[in-house]
Amino acid sequence: MKNIAILCSGGDVSGMNPAIKHFVEYAYARGLTPYFIYDGYEGLIENRIEKATYQDVAGIINRGGTKIGSARSKRFTQKEFRAIAKQNLDTHNIDMLVVLGGDGSFRGLDVFYKEHGIKFCGIPSTIDNDISGTEYCLGVDTALNIIKNSIDALRDTAASFSRAFVIETMGRDCGYLALISALTSGAELCLIPEVDYNLKDFEEKFKRQRAQGRKYFIAIVSEGIKQDPREIAQWFEESIGIESRVTILGHVQRGGNPTTYDRLMAYKFVSHAINGLLGDKTNSVICCTKSGFAFKSIEEVAGVKHRLDTELISCLEML
Ligand code: ADP
């Protein structure tokens, strides 16, 4: 029997556990023996590698995070530690890896493949949805649903108390979470790093709406914008004349019960990854494209700067 392992690297997302569960079940179904590598590349260097059983993945499909842990590893960027990682894989006869992570993780694996011939398939996993070459990254839908529920709750209190709420979402330099959340939560304002703005441009419209009876405002701002959300709240108070509050959603966006969509995507990503490794795919990332799933090279994924869909950005004007 051939051996295949899975690990999580970089930021965790909700959807990793369903992926781990399907990995074990599908590996056995395809005649492979599945292994877990705990705590990312650190665990690979430390030889925290264990054979996976059906029992290990019982009852995890509804849980956020990752049962096998995730980590960043400075040591994996050094050749001598990658050599130790290769020795550890050899002791378990593992020559195929499925990696849930971001473009940094895939770049590391590509170096590893070129040095030691360990085949891998990357599965894009980040709530930021900022990986080039794929329309979707595991965990995004769950994060969006958590944001949606939070905004709905904040709207209740905003309306009752006649306040403006400035709500900060994650996303690093990518405004995807903020933009989709604004469009699907009826926000009045959305600020993202990809689009320059001047708060003055909104003053006349918002003051007019206040005069016409608007009781509250919802502003969604991405963490990557140039201003602190408290400055936006201050602007609401001073320029629009409405009491305001700031809510930074933070890490709640990364956890929670995986949505149906993320469970399904986990299933599809993993099936394609294992099929690819059993076929002719040696060092690729399985991407979700407008025309279906496709294997892409590291250069196409990690070598290209991510750009937010311009059609989506243009929706901002309609808020
Ligand atoms: P992400 O996968 O979310 O983009 P990072 O960029 O932090 O996260 O990368 C995750 C891990 O991948 C790093 O901690 C490091 O161990 C490994 N890695 C990233 N780039 C390289 C590289 N060029 N060579 C070797 N390992 C790398």
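Keep in mind that this is a model prediction, so the values were computed, not measured.

### Structural notes on the site of the ligand
Right, so step 1: The environment of the ligand is made up of S9, Y41, R72, S73, F76, T77, R82, G102, D103, G104, S105 and G108.
Right, so step 2: At a separation of 2.4 Å, an oxygen atom of the ligand approaches a polar backbone atom of S73.
Right, so step 3: G104 has a polar backbone atom sitting 2.9 Å from an oxygen atom of the ligand.
Right, so step 4: Here the ligand has 560 Å² of accessible area as a free molecule, and 76% of this is covered by the chains.
Right, so step 5: Among the elements that line the shell around the ligand, the one with the most residues is helix α4 (residues 103–116), at four residues.
Right, so step 6: For the shell around the ligand, the residue count by class is two nonpolar, seven polar and three charged.

### A look at the domain arrangement of the chain
Buried accessible area, meaning the area lost when the parts come together, often serves as the stated size of an interface.
Right, so step 1: According to the domain assignment, the chain consists of domain 1 (2–139 + 258–304) and domain 2 (141–254).
Right, so step 2: Listed as interface residues are 14 residues of domain 1 and, on the opposing side, twelve residues of domain 2.
Right, so step 3: Surface buried jointly by domain 1 and domain 2 totals about 1,100 Å² across both partners, of which 49% is contributed by carbon and sulfur atoms.
Right, so step 4: Here R172 ties to D128 by a salt bridge, and the two come within 3.1 Å at their closest N and O atoms.
Right, so step 5: At the boundary of domain 1 with domain 2, the tally comes to twelve residue pairs in polar contact (both at pLDDT 80 or more).
Right, so step 6: Grouping the amino acids of the side of domain 1 that touches domain 2 by side-chain chemistry returns five nonpolar, five polar and four charged.

### Some remarks on the packing of helix α5 (residues 140–161) against helix α6 (residues 176–184)
Right, so step 1: Here α5 crosses α6 at 50 degrees, and the two axes come no closer than 10 Å. On the basis of their axis angle, the class for α5 and α6 is oblique. As α5 runs across α6, the sense of the crossing is right-handed. Of α6, the residues touching α5 (which contributes V140, A143, L144, I147 and I151) are Y176, L177, I180 and S181.

### A look at the sheet that holds strand β7 (residues 164–169)
Right, so step 1: The sheet built from four strands is open, its strands ordered β8-β9-β7-β10 with parallel pairing. Single-partner strands in this sheet number two, and they are β8 (189–191) and β10 (244–248). Strand-to-strand twist in this sheet, taken as the mean axis angle between neighbours without regard to direction, amounts to 15 degrees.
Right, so step 2: When β7 meets strand β9 (residues 217–222), the two strands line up parallel, connected through six bridges. In the strand pairing of β9, E168 is matched with V221.
Right, so step 3: Strand contacts of α6: β7, β8 and β9, with the helix running at about 160 degrees to β9, the strand carrying the most contacts.
Right, so step 4: Helix-sheet contacts for helix α8 (residues 229–240) involve β7, β8, β9 and β10, and the interaxial angle to β10 is about 165 degrees.

### A word on the environment of E243
Right, so step 1: You can see E243 is positioned in the loop between α8 and β10.
Right, so step 2: E243 sits 211 residues away from L32 along the chain, and the two C-alpha atoms are 60 Å apart.
Right, so step 3: Reaching out from E243, the side chain makes a polar contact with the side chain of R163 at a distance of 3.3 Å.

### Looking at the pairing of strand β6 (residues 119–124)
Right, so step 1: Among the six residues of β6, five are classified as buried, and the element is accordingly described as predominantly covered.
Right, so step 2: Bridge analysis of strand β5 (residues 94–101) against β6 gives six bridges, and the strand direction is parallel. If you follow L100 over to β6, its bridge partner there is I123.
Right, so step 3: Note on the crossover from β5 through α4 to β6: the handedness is right-handed.
Right, so step 4: With three bridges joining them, β6 and strand β11 (residues 283–289) adopt parallel strand pairing.

### Focus on the side chain of T289
Right, so step 1: Counting through the fold element by element, T289 comes out in strand β11.
Right, so step 2: There is a polar contact of 2.5 Å between the side chain of T289 and the backbone oxygen of G292.
Right, so step 3: The contacts of T289, once residues within four sequence positions are left out, are G133, E135, A294 and K296.

### Concerning α5
Right, so step 1: The end-to-end C-alpha separation of α5 is 31 Å, in line with the 32 Å expected for 22 residues at 1.5 Å each.
Right, so step 2: Among the residues of α5, V140, D141, T142, A143, L144, I146, I147, S150, I151, L154, R155 and A158 are the ones counted as buried.
Right, so step 3: Here the buried face of α5 lies against β7, α6, β9, β10 and α9 (260–278).
Right, so step 4: Note on α5: the residue one or two positions beyond its end, S162, has a positive phi of about 50 degrees.

### Examining unusual backbone geometry
Right, so step 1: Look at N129: it is not a glycine, yet its phi comes out positive at around 50 degrees.
Right, so step 2: With respect to the secondary-structure elements, N129 resides in the loop between β6 and α5.
Right, so step 3: N129 gets classed as buried once you look at its relative accessible area, which sits at 3%.
Right, so step 4: A positive phi angle, close to 50 degrees, is found at S162, a residue other than glycine.
Right, so step 5: Its place among the elements puts S162 in the loop between α5 and β7.

The rules behind these values
- Residues numbered from 1 in each chain as written.
- Predicted model: local features only at pLDDT ≥ 70, side-chain atom pairs only at ≥ 80, totals over all residues.
- Heavy atoms only, no water.
- Near = heavy atom within 4 Å.
- Polar contact = N/O pair within 3.5 Å; in protein donor to acceptor, adjacent residues only side chain to side chain.
- Areas by Shrake-Rupley, 256 points an atom, 1.4 Å probe, with all protein chains shown as cover.
- Helix = DSSP H or I, 4+ residues; strand = E, 2+ residues; numbered from the N terminus.
- Nonpolar A, V, L, I, M, F, W, Y, C, P; charged D, E, K, R; others polar.
- Domains from an automatic or database assignment.
- Contact = heavy atoms within 4.5 Å.
- Buried area = accessible area lost by both parts, 1.4 Å probe.
- Salt bridge = Lys/Arg side-chain N within 4 Å of Asp/Glu carboxyl O.
- Axes fitted to C-alpha atoms, helices over the stretch in contact; angles between N-to-C directions.
- Parallel < 35°, antiparallel > 145°, perpendicular 65-115°, else oblique.
- Left-handed = near helix turned anticlockwise from the far one by under 90°.
- Pairing = 2+ DSSP bridges.
- Buried < 20%, exposed > 50% of the residue type's maximum accessible area, 1.4 Å probe, protein only.
- Right-handed = clockwise from strand over helix to strand, strands pointing away.
- Expected span 1.5 Å × (residues − 1).

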